[in-house]
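# Observations on chain architecture
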Amino acid sequence: MPHLVILYTPNLDQPTDLGGLDMTALCRALCDAMLSVRDESNRQVFPTGGTRVLAYPASHFALADGGAAGEAAGKGSDYAFVYMNVRMATGRSASVHQRVGEALKSCVQSRFAEQLAARPIGITVQIDEGHEVFDAKISSLHPLFNPA
Ligand SMILES: O=C(O)C/C(=C\C=C(/O)C(=O)O)C(=O)O
């Protein structure tokens, strides 16, 4: 953690003009959004080397009524969803939780503006705190950002 895991319908893996989105670019934008968040003392909230974003298309899914309402509304039956969950370490303030959530929400709203206008799509952004009973960090990433 902080790990942002994205599950999405594979019908988003197509060009933007066909209703899709570049998910690799989305991951980068969300990672940058997480790294941009500052706490009440203006310190970066998430360690650069520990901030990770992963996206997986769902192999199988079922969504809403399967497409009938979208078809009837002239928006098409090819529904999509994106589920984003950030899991972060415990101990950060409610204000930091809010800042992280708002940063991700704002990134997602701008990135998905075209899709939201053009097709039925549901996007969820949630944040959880871990209650880990064991936490080991083994990393050769951190020294890149925190030289001794
Ligand atoms: O432990 C990790 O997977 C990543 C990490 C730090 C995580 C947090 O600060 C957090 O969850 O908020 C690390 O230092 O490698």
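Residues numbered from 1 in each chain as written. Predicted model: local features only at pLDDT ≥ 70, side-chain atom pairs only at ≥ 80, totals over all residues. Heavy atoms only, no water.

As recorded in an unreviewed UniProt entry, the protein chain goes by 5-carboxymethyl-2-hydroxymuconate isomerase and comes from Hydrogenophaga palleronii.

### Digging into the packing of helix α1 (residues 23-36) against helix α3 (residues 94-111)
Direction vectors running N to C along α1 and α3 enclose 150 degrees, while the axes themselves pass 9 Å from each other. Compared by their axis directions, α1 and α3 come out roughly antiparallel. Crossing angle aside, the handedness with which α1 passes α3 is right-handed. Packed against α1, whose contacting residues are A25, L26, A29, L30, A33 and M34, the element α3 presents A103, L104, C107, V108 and R111 at the interface. Residues that form the contact of α1 with α3 fall into these classes: 10 nonpolar, no polar and 1 charged. (Axes fitted to C-alpha atoms, helices over the stretch in contact; angles between N-to-C directions. Helix = DSSP H or I, 4+ residues; strand = E, 2+ residues; numbered from the N terminus. Parallel < 35°, antiparallel > 145°, perpendicular 65-115°, else oblique. Left-handed = near helix turned anticlockwise from the far one by under 90°. Contact = heavy atoms within 4.5 Å. Nonpolar A, V, L, I, M, F, W, Y, C, P; charged D, E, K, R; others polar.)

### Some details on unusual backbone geometry
Its identity as a non-glycine residue notwithstanding, N42 has a phi of 65 degrees, on the positive side. A positive phi angle, close to 50 degrees, is found at A64, a residue other than glycine. Among the structural elements, A64 can be located in the loop between β2 (52-57) and α2 (68-72).

### A short note on the packing of aromatic side chains
Working definition: an aromatic ring pair is given by the centre-to-centre distance plus the angle between the planes. Here the structure, examined in full by the defined rule, presents 1 aromatic pair. Aromatic pair F61 and F81: ring centres 6.1 Å apart, planes at 85 degrees, arrangement edge-to-face. Here F61 is found in the loop between β2 and α2, whereas its partner F81 is found in strand β3 (residues 80-88), with 20 residues between them in sequence. Residue F61 is classed as partly exposed on the basis of its relative accessible area of 38%. (Phe/Tyr/Trp six-rings, centres within 6.5 Å; stacked < 30°, edge-to-face > 60°. Buried < 20%, exposed > 50% of the residue type's maximum accessible area, 1.4 Å probe, protein only.)

### Things to note about the pairing of β3
The pairing of strand β1 (residues 3-8) with β3 spans 6 bridges and is classified as antiparallel. Residue L7 lies in a different strand from β3, and its bridge partner there is Y83. In the sheet, β3 pairs with strand β4 (residues 121-129) via 9 bridges, with the strands oriented parallel. Each bridged residue has a counterpart across the sheet, and for V82 the counterpart in β4 is I123. (Pairing = 2+ DSSP bridges.)

### Thoughts on α3
Between the first and last C-alpha of α3 there are 26 Å, a value that for 18 residues agrees with the 26 Å anticipated at 1.5 Å per step. Of the residues making up α3, those classed as buried are V96, V100, G101, L104, C107 and V108. An end-on view of α3 places all buried positions within 135 degrees of arc, on one side of the element. Looking at α3, the residues exposed on the side facing more than 90 degrees away from the buried face are A94, Q98 and S110. Looking at the buried side of α3, the elements it contacts are β1, α1, β3 and β4. (Expected span 1.5 Å × (residues − 1). Arc of directions from axis to C-beta.)

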